[in-house]
Amino acid sequence: MDYAGQRERLGKAVRERGLEAFVVVNVERSDRPNLRYLTGFTGSFGILLVGERTVFATDSRYTEQAGKETGLPVEEVKGRWLPWLGERLKSLGLRRVGIGAHRTSLFVYQELSRLAAGVELVPERGLVEDLRRVKGEDEIGRISAAAELTDAGLRWAIEHLQPGRTEREVALDLEVWYRKNGAEGVAFELIVASGPGSAMPHYRPGNRRITRGDVVLFDVGVQLDGYCSDLTRVVAVGDPGPTVREVYELVLAANRAGLAAVRAGAAGKDVDAAAREVIAKAGYGDRFGHGLGHGVGLEVHEAPAVGPASEDTLAPGNVVTIEPGVYLPGKFGVRIEDLVVVTEGGNRVLSRFPKDELLIR
Ligand code: ZN
Ligand code: ZN
């Protein structure tokens, strides 16, 4: 991973905004993704200052680990970190320092402004997050590996899917499988939604038992070497009947239309529209309430957005999901989600899990 290069790009963005430095504060994991992106550090507490000088600090729990992970000189914070940081900023003679607006609590912002009197702290929206949109080859490699593991786990879960088991049991078994097979963890709470639960896009697995005739929706992803994946497939347990088949075909057509629109230079809202139009034309427009997709990287939801309100334009190296769905409340829902890398002329789909036909168990 090119952490030094990533810090260099941040340094350039910082200078372009008329700032002398940018400070990333990760306290109790408040900004682990940005700190990891810039240094490789995985601990729960760390501070990074990027400017003319690079300063990295953590406390005694992490000094050894931080040295190994970051390759940077590590300063050790003793005592309370806020006064330490205030003094450190002053000692560097800085006047204007950017700080992440999304990731810094109001408390930290106010305290640090008070403690670092004379240093103006400028809240910046998405400075690091914007850099993170464009993935390097090694980042894409990690996301591909996460996608591959996700596919393999879902294959295992569907092979072992039995009527009578609860959604929670199925979700938990799959999570254990992922961890046993190398995942650091799941990228989000795995969704296993059966029957009417599948009609709720962000359903939480409950004690409902999977029953013959159900549609079971799996929305699953892992974190591997820091990077996330995200995959949704549905499987029918026994004969699902004609409506489910019809909706499945429709959502698959929308998924394909969305994927076909993914290329560098395409507006996120146009990619969304390409898929949404397919669903609207079939009369299910009001049954697809969420955006078509989102960026995936160190976080499972990050920029760029692929939705009706998106102001983003896709660029080579973006990794996004394409996940149209149709939800019929009280009955069932179908969503088909793939992970895709934006390339100059089009895209490369990372999710290999079959989707051409509705899976029946
Ligand atoms: Zn998902
Ligand atoms: Zn998703």
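The rules we used
Here the residue numbering is sequential within each chain, running from 1 through the sequence in written order. The lettering of chains begins at A and the numbering of ligands begins at 1, in the order of writing. Reporting in this predicted model follows two pLDDT cut-offs: at least 70 for local features of residues, and 80 or more for side-chain atom pairs to be given and counted; totals over whole chains, interfaces and linings ignore these cut-offs and use all residues. Where side-chain values are given, they derive from all heavy atoms of the structure, hydrogens and water being excluded. By definition, any uninterrupted DSSP run of H or I lasting at least four residues is a helix, any uninterrupted run of E lasting at least two residues is a strand, and each is numbered from the N terminus. The size measure is the radius of gyration over C-alpha atoms, and the globule rule it meets is 2.2 Å times the number of residues to the 0.38 power. Burial classes: relative accessible area under 20% of the type maximum marks a residue as buried, over 50% as exposed, and values in between as partly exposed (1.4 Å probe, protein chains only). Whether two residues are in contact is decided by their heavy atoms: any pair within 4.5 Å suffices. We get accessible surface area from the Shrake-Rupley algorithm with a probe of 1.4 Å; when it comes to residues, only the shown protein chains can shield them. Counted charges follow a simple rule, with Lys and Arg positive, Asp and Glu negative, and His plus the chain ends left uncounted. Positions of charges follow a simple convention, taking NZ of Lys, CZ of Arg, CG of Asp or CD of Glu. Geometry of aromatic contacts follows a simple scheme: Phe, Tyr and Trp rings, the Trp one being its six-membered ring, pair when their centres are within 6.5 Å, and the pair is stacked under 30 degrees between planes, edge-to-face over 60, tilted otherwise. Note on criteria: charge over ring means Lys NZ or Arg CZ within 6 Å of the ring centre, with the direction from the centre no more than 35 degrees off the ring normal. Think of a salt bridge as a Lys or Arg side-chain nitrogen and an Asp or Glu carboxyl oxygen that are within 4 Å of each other. Note on donors: an N, O or S atom is included if it sits within 2.8 Å of the metal, or within 3.2 Å for Na, K and Ca, and water is never included, so sites can look incomplete. Sites are called tetrahedral only when four donors show all angles between 85 and 135 degrees, square planar or octahedral only when four or six donors show opposite pairs over 155 degrees and all other angles between 65 and 115, and irregular in any remaining case. For the domains described, the bounds stem from an automatic or database domain assignment. A 1.4 Å probe defines the accessible area here, and the buried area is the portion of it lost by two parts on being joined, summed over both. As used in this structure description, the phrase polar contact means that two N or O atoms lie within 3.5 Å; if the pair is within protein, one of them must be able to donate a hydrogen and the other to accept it, and residues adjacent in sequence are counted only when both atoms belong to side chains.

## Describing the overall build of the chain
Part 1 of the reasoning: When helices and strands are counted, the chain shows ten helices and 20 strands.
Part 2 of the reasoning: For the chain, the C-alpha radius of gyration of 23 Å lies close to 21 Å, the compact-globule estimate for 361 residues.
Part 3 of the reasoning: If you line up the chain on its principal axes, its C-alpha atoms span 70 × 40 × 35 Å.
Part 4 of the reasoning: Counting over 361 residues, the chain shows a buried share of 56%.
Part 5 of the reasoning: Contacts in the chain between residues at least 24 apart in sequence constitute 67% of all its contacts with a sequence separation of at least 6.
Part 6 of the reasoning: Surface summary for the chain: the accessible area is close to 15700 Å², and the carbon and sulfur share equals 49%.
Part 7 of the reasoning: Placing the 47 positive and 51 negative side-chain charges of the chain at their respective mean positions leaves the two points 2 Å apart.

## Observations concerning the packing of aromatic side chains
Part 1 of the reasoning: A full pass over the atoms with the stated rule returns five aromatic pairs.
Part 2 of the reasoning: Taking the centre distance of 6.3 Å and the plane angle of 25° together, the rings of W156 and W177 count as stacked. Of this pair, W156 sits in helix α7 (residues 137–159) while W177 sits in helix α8 (residues 167–180), and the two are 21 residues apart along the sequence.
Part 3 of the reasoning: With centroids separated by 5.8 Å and ring planes inclined at 80°, the aromatic side chains of W177 and Y178 adopt a geometry described as edge-to-face. Across the pair, exposure class does not vary: W177 and Y178 are buried alike.
Part 4 of the reasoning: Members of the aromatic cluster, each reached through a chain of ring pairs, are F41, F56 and Y62.
Part 5 of the reasoning: Across from the ring centre of F288, 4.0 Å away, lies the NZ or CZ of R276, which sits over that ring.

## Considering the pattern of salt bridges
Part 1 of the reasoning: One pass over the structure, following the stated rule, counts 30 salt bridges.
Part 2 of the reasoning: Close ionic contact of E169 with R165 constitutes a salt bridge, the shortest N to O distance being 3.8 Å.
Part 3 of the reasoning: On the basis of relative accessible area, E169 is assigned to the partly exposed category, the value being 33%.

## Side note on the coordination of the zinc ion (ligand 1)
Part 1 of the reasoning: Protein ligation of the zinc ion (ligand 1) involves D219 (OD), D219 (OD), D230 (OD) and E337 (OE), the donor distances falling in the range 2.0 to 2.6 Å.
Part 2 of the reasoning: For the zinc ion (ligand 1), the four donor atoms in the first shell make angles of 55 to 146° at the metal, so the coordination geometry reads as irregular.
Part 3 of the reasoning: Sequence spacing among the residues donating to the zinc ion (ligand 1) works out to D-x10-D-x106-E.
Part 4 of the reasoning: Between the zinc ion (ligand 1) and the zinc ion (ligand 2), both coordinated by D230, there is a metal-metal distance of 3.1 Å. One end of the pair, D230, is in the loop between β11 (227–228) and β12 (231–236); the other, E337, is in the loop between β17 (332–335) and β18 (338–342), with 107 residues separating them in the sequence. For the pair shown, D230 and E337 are each scored as buried.

## Examining the environment of R61
Part 1 of the reasoning: Assignment of secondary structure puts R61 in the loop between β3 (54–58) and α3 (63–70).
Part 2 of the reasoning: R61 sits in the exposed class, given a relative accessible area of 51%.
Part 3 of the reasoning: In sequence terms R61 and R9 are 52 residues apart; their C-alpha atoms lie 29 Å from each other.
Part 4 of the reasoning: Every residue in contact with R61, bar those within four places of it in the chain, is listed here: S44 and F45.

## Details of the coordination of the zinc ion (ligand 2)
For a metal with four tetrahedral donors the ideal donor-metal-donor angle is 109.5 degrees, whereas six octahedral donors ideally subtend 90 or 180 degrees.
Part 1 of the reasoning: Within the protein, the atoms that donate to the zinc ion (ligand 2) are D230 (OD), H294 (NE2), E323 (OE) and E337 (OE), at distances of 2.1 Å.
Part 2 of the reasoning: Mapping the donors of the zinc ion (ligand 2) onto the primary sequence gives the spacing D-x63-H-x28-E-x13-E.

## Digging into the domain arrangement of the chain
Part 1 of the reasoning: Considered domain by domain, the chain is made up of domain 1 (3–132) and domain 2 (137–360).
Part 2 of the reasoning: One C-alpha centre belongs to domain 1, the other to domain 2; they are set 35 Å apart.
Part 3 of the reasoning: Here domain 1 packs against domain 2, burying approximately 660 Å² in sum over the two surfaces, 38% of which is carbon and sulfur.
Part 4 of the reasoning: Area buried by domain 1 at its contact with domain 2 is led by R36, Y37 and R132, which between them contribute 62% of it.
Part 5 of the reasoning: Where domain 1 packs against domain 2, one counts four salt bridges.
Part 6 of the reasoning: E302 serves as the salt-bridge partner of R132, at 2.8 Å between the closest nitrogen and oxygen.
Part 7 of the reasoning: Counting every contact that joins domain 1 to domain 2 gives three residue pairs in polar contact (both at pLDDT 80 or more).
Part 8 of the reasoning: Looking at the side of domain 1 that touches domain 2, the elements with two or more residues in it are α1 (3–16) and α2 (32–39).
Part 9 of the reasoning: Among the elements that make up the side of domain 1 that touches domain 2, the one with the highest residue count is α2 (three residues).

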